[in-house]
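# Overview (structure and organization)
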Amino acid sequence: MSRVIVIGCGGVATVAINKCCQHSDVFEELCIASRTVSKCDALAAKLQPTTKTKLSTKQIDANNLTQLIQLFDEFKPDLCMNLGMPYQNLIIMDACLICHVNYLDTAAYEPEDTDDPVWRARYEKRVKEKGFSAYFDYSYQWEYREKFEKAGLIALLGCGFDPGVTQAYVAYAKKHEFDRIDSLDILDCNGGDHGYPFATNFNPEINLREVSAEAAYYENGKWVRVPAMSIKREYNFDGVGQKNMYLLHHEEIESISTIYPEIKRIRFYMTFGDSYITHMNCLQNVGLLSTTPVMYEGREITPIQFLKFLLPDPASLGPRTKGKTNIGCIFTGVKDGKEKKYYIYNVCDHEEAYKETASQAVSYTTGVPAMCGAMMILKGIWTTPGARTVEEYDPDPFIEALDKYGLPKRESYDPVMVD
Ligand code: NDP
């Protein structure tokens with residue numbers, strides 16, 4: 001008996017909506033609301049004949065609180081799945097509190113305008129005090145924890161694969177495999193090939209901001225900052241093969257290190273091919289990754305947004321992408337007084353993901369956990385109110401749902417370690 005609004009109709013939302021429509025008993029009515037309503041209409045028209053979920057669509061600018069409140073008042077959702085951009089997380093959370101709606105997203109808040117002086121001042125202070133320099137951090141959304149608690153609502157933060165499933169893997173490892181976790185390496189490998197010399201697998205603006213930023217990892221209670229792409233390792237991934245991977249800062253390191261302070265070292269690695277890195281360095285060197293607007297022929301343009309316009313739409317990569325993703329967590333720690341290693345991961349095939357949802361595996365591995373997280377809230381399985389990340393909830397029913405609905409776990413008790 002639930003009503004859900006999905007904000008956004010890009011790659012991730014398309015997968016999540018496809019999957020929600022496969023569970024009409026839970027997702028009875030679903031409104032797809034996004035900036036370009038023609039995309040919502042096309043998806044609803046395609047899916048409606050295949051599902052009992054009643055679909056509707058709405059044009060919305062998620063930067064506009066009045067529009068959000070009007071939409072929520074009209075549709076009366078139980079849950080809003082924010083699968084658009086992380087820039088609107090806070091305003092959508094505000095609308096949820098005003099209209100008494102649960103909330104879910106897949107990426108931590110970051111501002112669109114990183115030159116905003118109020119945001120900058122707080123950012124500079126955080127870089128000094130906390131010691132990592134990414135534009136995103138959880139502090140803004142954690143400030144909503146009590147407000148959601150008091151309202152008896154859940155705001156489930158970062159419920160994609162990474163962040164999202166990776167944190168459920170941490171909670172699962174702690175619950176079933178370890179008395180104490182000592183180290184964690186999160187490995188995100190995309191072995192897919194789309195045939196373009198350069199394209200990003202999800203929103204180019206968010207992806208390129210993340211990858212070109214200074215990297216960081218967490219060790220002995222402190223952040224260690226290192227230049228972007230300066231730590232490189234090779235790893236042989238199940239289902240994919242040997243790949244180069246690079247250390248990046250990633251948002252779940254912040255929440256995992258806060259919730260599991262026992263973990264002495266947390267690192268995040270992502271694979272990139274040589275062509276991706278050469279292109280990215282070149283784009284950065286010529287200023288096209290900049291988020292600071294410039295005047296061009298009498299008009300203000302933001303270089304990274306112009307670049308996004310030129311690059312292939314990630315949603316268009318689906319039919320061209322072959323190969324697999326492999327994302328997971330390698331742990332060391334102690335169980336019953338003995339040291340042990342443990343690796344839990346998922347392998348997802350781009351072509352199979354496309355066959356099922358008309359999207360490639362990067363969108364699939366994000367959209368399926370978003371649907372499963374929504375299911376945990378709507379079925380009353382996860383009930384603790386507040387603005388919380390995934391590792392704060394019981395991992396078992398969530399991982400069971402992932403196993404059933406498209407992202408089964410694989411495990412190894414003797415993984416090759418990253419040095
Ligand atoms: P896309 O760019 O494909 O889709 C974004 C959607 O949001 C588009 O439909 C866009 O509309 C809509 N949108 C943008 N601005 C507004 C606005 N102001 N009002 C209403 N709608 C708006 O992105 P992805 O689907 O690739 O990514 C979605 C989210 O998932 C991102 O936040 C990304 O960071 C996150 N992500 C998380 C991952 C994880 O594992 N946790 C992995 C990958 C992505 P329009 O069609 O008009 O452009």
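This write-up is about the structure you can find in this document. Starting afresh in each chain, residues are numbered from 1 along the sequence in its written order. This being a predicted model, a pLDDT of at least 70 is required before a residue's local features are given, and a value of 80 or more before pairs of side-chain atoms are given or counted; all residues contribute to the totals for chains, interfaces and linings. With hydrogens and water excluded, all non-hydrogen atoms of the structure serve as input to the side-chain values.

### Section: the overall build of the protein
In plain terms, the rule: Strands here mean DSSP runs of E at least two residues long; helices mean DSSP runs of H or I at least four residues long; both are numbered from the N terminus. For this measure, only C-alpha atoms enter the radius of gyration; the expected value for a globule follows 2.2 Å times N^0.38, where N is the number of residues. Here the term buried applies to any residue with accessible area under 20% of the maximum for its type, exposed to any over 50%, and partly exposed to those in between, with areas from a 1.4 Å probe on protein chains only. Note on contacts: a residue pair qualifies if any of its non-hydrogen atoms lie within 4.5 Å across the two residues. Working definition of accessibility: Shrake-Rupley area with a 1.4 Å probe, residue cover restricted to the visible protein chains. Under the convention used here, Asp and Glu are negative, Lys and Arg are positive, and both His and the chain ends fall outside the count. Taken as the charge centre is NZ of Lys, CZ of Arg, CG of Asp or CD of Glu, depending on the residue.
The helix and strand inventory of the protein stands at 15 helices and 18 strands. Compactness check: the protein gives a C-alpha radius of gyration of 20 Å against a globular reference of 22 Å for 419 residues, within 12% of the reference. Each principal axis of the C-alpha atoms in the protein carries an extent, and together these give about 55 × 55 × 45 Å. Across the 419 residues that make up the protein, the buried fraction comes to 58%. Put simply, of all contacts in the protein between residues at least 6 apart along the chain, 74% involve residues at least 24 apart. As presented, the protein carries roughly 17200 Å² of accessible surface, and 50% of it is formed by carbon and sulfur atoms. The average position of the 45 basic charges and that of the 57 acidic charges among the side chains of the protein differ by 2 Å.

### Things to note about the site of the ligand
We apply this condition: By convention in these notes, a residue is near a molecule or strand provided one of its non-hydrogen atoms lies within 4 Å of it. The term polar contact refers here to a pair of N or O atoms within 3.5 Å; inside protein, the definition further demands a hydrogen-donor-capable atom paired with an acceptor-capable atom, and it admits residues adjacent in sequence only when both atoms are side-chain atoms.
Taken together, the neighbourhood of the ligand is formed by 28 residues, with Arg35, Thr36, Lys39, Ala62 and Asn203 sitting nearest. Taking Gly84, its main chain carries an N or O atom lying 3.1 Å from an oxygen atom of the ligand. Backbone polar atom of Pro163 to a nitrogen atom of the ligand: 3.2 Å apart, as the coordinates give it. Within the complex, 93% of the 930 Å² of free accessible area of the ligand lies under protein.

### Section: the environment of Ile381
For Ile381, the location among the structural elements is in the loop between helix H14 (361-378) and strand S17 (386-389). Residue classification places Ile381 among the partly exposed residues on the basis of a relative accessible area of 38%. Remark: the alpha-carbon pair of Ile381 and Asp25, spanning 356 residues in sequence, is separated by 15 Å. Residue contacts for Ile381: discarding those within four places in its chain leaves Met376 and Pro397.

### Points about the nonpolar core
Quick note on the threshold: Only buried Ala, Val, Leu, Ile, Met, Phe, Trp, Tyr and Cys residues count toward a nonpolar core, and they belong to the same one when joined by side-chain atoms within 4.5 Å.
Of all hydrophobic cores here, the largest spans 125 residues; its most connected members are Met81, Phe331 and Phe398. Among the elements that take part in this core, H14 stands out by supplying 10 residues, more than any other. Every residue in contact with Phe331, bar those within four places of it in the chain, is listed here: Tyr169, Val170, Ala173, Phe178, Ile181, Ser183, Leu184, Lys340, Lys341, Tyr342, Ile344 and Met417. Counting 16 residues, the second largest nonpolar core, distinct from the first, contains Leu187, Phe237, Tyr269 and Tyr343.

### Digging into unusual backbone geometry
The omega torsion across Asp162 and Pro163 is 10 degrees, close enough to zero to call that bond cis. The residue Pro163 is located in the loop between strand S6 (154-157) and helix H8 (165-176) in this model. Despite not being glycine, Met229 has its phi angle at roughly 60 degrees, a positive value. Locating Met229 in the fold gives a position in the loop between strand S9 (222-226) and strand S10 (232-237). For Asp336, which is not a glycine, the phi torsion comes out positive at approximately 50 degrees. Within the fold, Asp336 resides in the loop between strand S15 (324-335) and strand S16 (338-349).

### Description of helix H1 (residues 11-21)
Residues spaced three or four apart along an α-helix point in a common direction, a consequence of the helix completing one turn every 3.6 residues. Burial analysis of H1 places 11 of its 11 residues in the buried class, which makes it a mostly covered element. Regarding H1, the residues found buried are Gly11, Val12, Ala13, Thr14, Val15, Ala16, Ile17, Asn18, Lys19, Cys20 and Cys21.

### A short note on the sheet that holds strand S1 (residues 2-7)
Convention followed: Two strands are counted as paired when DSSP detects at least two bridges linking them. Here the axes come from fitting lines to C-alpha atoms, over the contacting stretch only for helices, and the angles between their N-to-C directions go from 0 to 180 degrees.
Strand order in this open sheet of 7 strands is S3-S2-S1-S4-S5-S6-S17, and the pairing throughout is parallel. Every other strand in the sheet has two partners, leaving strand S3 (54-59) and S17 as the edge strands with one partner each. Neighbour-to-neighbour, the strand axes of this sheet turn through a mean angle of 20 degrees, independent of strand direction. Here S1 pairs with strand S4 (residues 79-82) via 4 bridges, running parallel. Residue pairing for S4: Val4 is matched across the bridge by Leu79. The strands touched by H14 within the sheet are S1, strand S2 (27-34), S4, strand S5 (102-105) and S6, with S4 carrying the most contacts at an inclination of about 165 degrees.

### Quick look at the pattern of salt bridges
The test is simple: When a carboxyl oxygen of Asp or Glu is within 4 Å of a side-chain nitrogen of Lys or Arg, the pair counts as a salt bridge.
Using the criterion set out here, one finds 27 salt bridges in the structure. Across the pair Glu149 and Arg388 runs a salt bridge, and its minimum N-O distance is 2.8 Å. With Glu149 in helix H7 (residues 145-151) and Arg388 in strand S17, the pair connects residues that are 239 residues apart, well separated along the chain. For Glu149, a relative accessible area of 32% puts it in the partly exposed group. The partner of Arg180 in a salt bridge is Asp182, and the shortest N-O contact between them spans 2.7 Å. Assessed through its relative accessible area of 13%, Asp182 is described here as buried. A single salt-bridge network, built from bridges that share partners, covers Arg145, Glu149, Arg388 and Glu392.

### A word on the environment of Ser275
Structurally, the position occupied by Ser275 is in helix H11 (residues 274-285). For Ser275, a relative accessible area of 35% corresponds to the partly exposed category.

### Some thoughts on the pairing of S10
Side chains on a regular strand alternate between the two faces of the sheet. By the bridge criterion, 6 bridges tie S10 to strand S11 (residues 241-248) in an arrangement that is antiparallel. Opposite Arg233, over in S11, you have Met245 as the bridge partner. Turn length for the S10-S11 hairpin, with the two strands adjacent in sequence and antiparallel, is 3 residues, and the turn residue Gly239 shows positive phi of about 85 degrees.

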